[in-house]
Amino acid sequence: MLSGNYNFQYIDWQHAPIGNENFEHVGNLVTNIISPTVTIGLTNYINLSYQQIFGIRSMNWMSDENSNHHRDEHSLQDFLNANGSAIGDAIFNLKYLLTNTGNTNGSRIFLGAGLVIPSNSVLTSNPFSQNDDDTYDDHRHFSLSDGCYKSNLELQFYIKNMTKKRYIPTFYGFTLNYKSPLSESKYGYKASKTIVGVSSMLFATKLKKNWQPKGLSLGLAFINTSDAFWDGKKAPNSKSEFIMPTIGLIFSQKDKGSFSINLKYVKDNSLLPEDAPNANIESFEVSLGYRKTLKYFIPWINP
């Protein structure tokens, strides 16, 4: 199976003066991510997937003042404490289908385990380090990767319901994902442990025409991150806990695959990777997805 997602995130932020910069800090951080995925069915119950992240993060500094913390820049460029690149993490996942009731009512349960391999688009030194006079050298706070190898454990539990009523979901359940760093990055950063729980419901629209959406999805994501560390010291704002509502539409055609669009919103000050006073941050996300099952059998897997 081939699938892919495009994610656009816009973070609008501002915070009060910090350090010796006695002026308001205001700007936005824009992220564009493309993540193609190849999934291979090894058996009727086990599949292996490989996902590669590509993207760019851009900071827009909306002030005439010069700052050591912020400026107009993007993640393709090298900086004093950052390696630039368009290549993000690679993710390998192995999933086992525990239950599947086929085209009838019932559950679908997947158990998964995987490995996250970091890219070279990383921060190369601690952006929170201060000089002896409490000033900061020029630094960047963002990159595509955190530089850490991570384990990835996953549980998916969904129920299919062959209802003909539009107000009852035809597919509902949750996904629980746990990522844990296996070691520090080679630059001294240890990433957060992350728990992501996503509950979702899919309602069939019963619309027939090709351009009309076949499904309406509603979801709620819970995200929890533990403290991260730079050189053994806690990284500000790395520990967080927030809820993100989502809404989306699904378009599908038997021979052409399925296309989805999802909208997400969250207001949480931990989205700003900086120990900033009186911060005000809002994030808007748009995610586009495509999935198609290929009728191809790999000879050495399916003799």
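Residues numbered from 1 in each chain as written. Predicted model: local features only at pLDDT ≥ 70, side-chain atom pairs only at ≥ 80, totals over all residues. Heavy atoms only, no water.

Novice: I tried to follow the pattern of salt bridges on my own but got confused; where do I start?
Specialist: Should their charged atoms come close, side chains of opposite charge can pair. In total, this model carries five salt bridges according to the counting rule given. A salt bridge links E73 to R71; the nearest nitrogen and oxygen atoms lie 2.9 Å apart. A relative accessible area of 7% places E73 in the buried class. When its relative accessible area of 15% is taken as the criterion, R71 is described as buried. (Salt bridge = Lys/Arg side-chain N within 4 Å of Asp/Glu carboxyl O. Buried < 20%, exposed > 50% of the residue type's maximum accessible area, 1.4 Å probe, protein only.)

Novice: Looking at this structure, I do not really get the sheet that holds strand β9 (residues 189-190). What am I missing?
Specialist: Across a sheet, strands are paired by hydrogen bonds formed along the backbone, either parallel or antiparallel in direction. Here we have three strands laid out as an open sheet, ordered β9-β12-β13, and antiparallel in their pairing. Strand pairing shows two members of the sheet lacking a second neighbour, β9 and β13 (233-234), which therefore form its edges. Bridge analysis of β9 against strand β12 (residues 229-230) gives two bridges, and the strand direction is antiparallel. Bridge assignment links Y189 to a residue of β12, and that residue is W230. (Pairing = 2+ DSSP bridges. Helix = DSSP H or I, 4+ residues; strand = E, 2+ residues; numbered from the N terminus.)

Novice: Would you take a moment to explain the nonpolar core for this structure?
Specialist: Nonpolar side chains in soluble globular proteins generally cluster together in the buried interior. In terms of nonpolar packing, the biggest core is built from nine residues, these being A82, L123, F128, C148, Y189, A191, A228, W230 and A235. Residues within four places of W230 in sequence aside, it is in contact with L123, S125, N126, P127, F128, Y187, G188, Y189 and A235. (Core = buried A, V, L, I, M, F, W, Y, C linked by side-chain atoms within 4.5 Å. Contact = heavy atoms within 4.5 Å.)

Novice: Just to check I follow, could you spell out the packing of aromatic side chains for this structure?
Specialist: Any pair of aromatic rings gets described here by the distance separating the centres and the angle formed by the planes. Applying the stated criterion across every chain yields a total of nine aromatic pairs. Here the aromatic rings of Y50 and F92 are separated by 5.0 Å at their centres, their planes lie at 25°, and the arrangement is stacked. Residue Y50 is found in strand β3 (residues 46-61), and its partner F92 is found in strand β5 (residues 87-100); the two are separated by 42 residues along the sequence. When its relative accessible area of 34% is taken as the criterion, Y50 is described as partly exposed. A ring pair is formed by F157 and F174, whose centres lie 5.9 Å apart and whose planes are at 40°; its orientation type is tilted. Linking F157 in strand β7 (residues 150-160) with F174 in strand β8 (residues 171-181), this pair joins segments that are 17 residues apart in sequence. Three or more aromatic residues joined by ring pairs make a cluster, and in this case those are W13, F23 and W61. Positioned above the aromatic ring of F142 is the side chain of R140, whose terminal nitrogen or guanidinium carbon lies 5.5 Å from the ring centre. (Phe/Tyr/Trp six-rings, centres within 6.5 Å; stacked < 30°, edge-to-face > 60°. Lys NZ or Arg CZ within 6 Å of the ring centre and 35° of its normal.)

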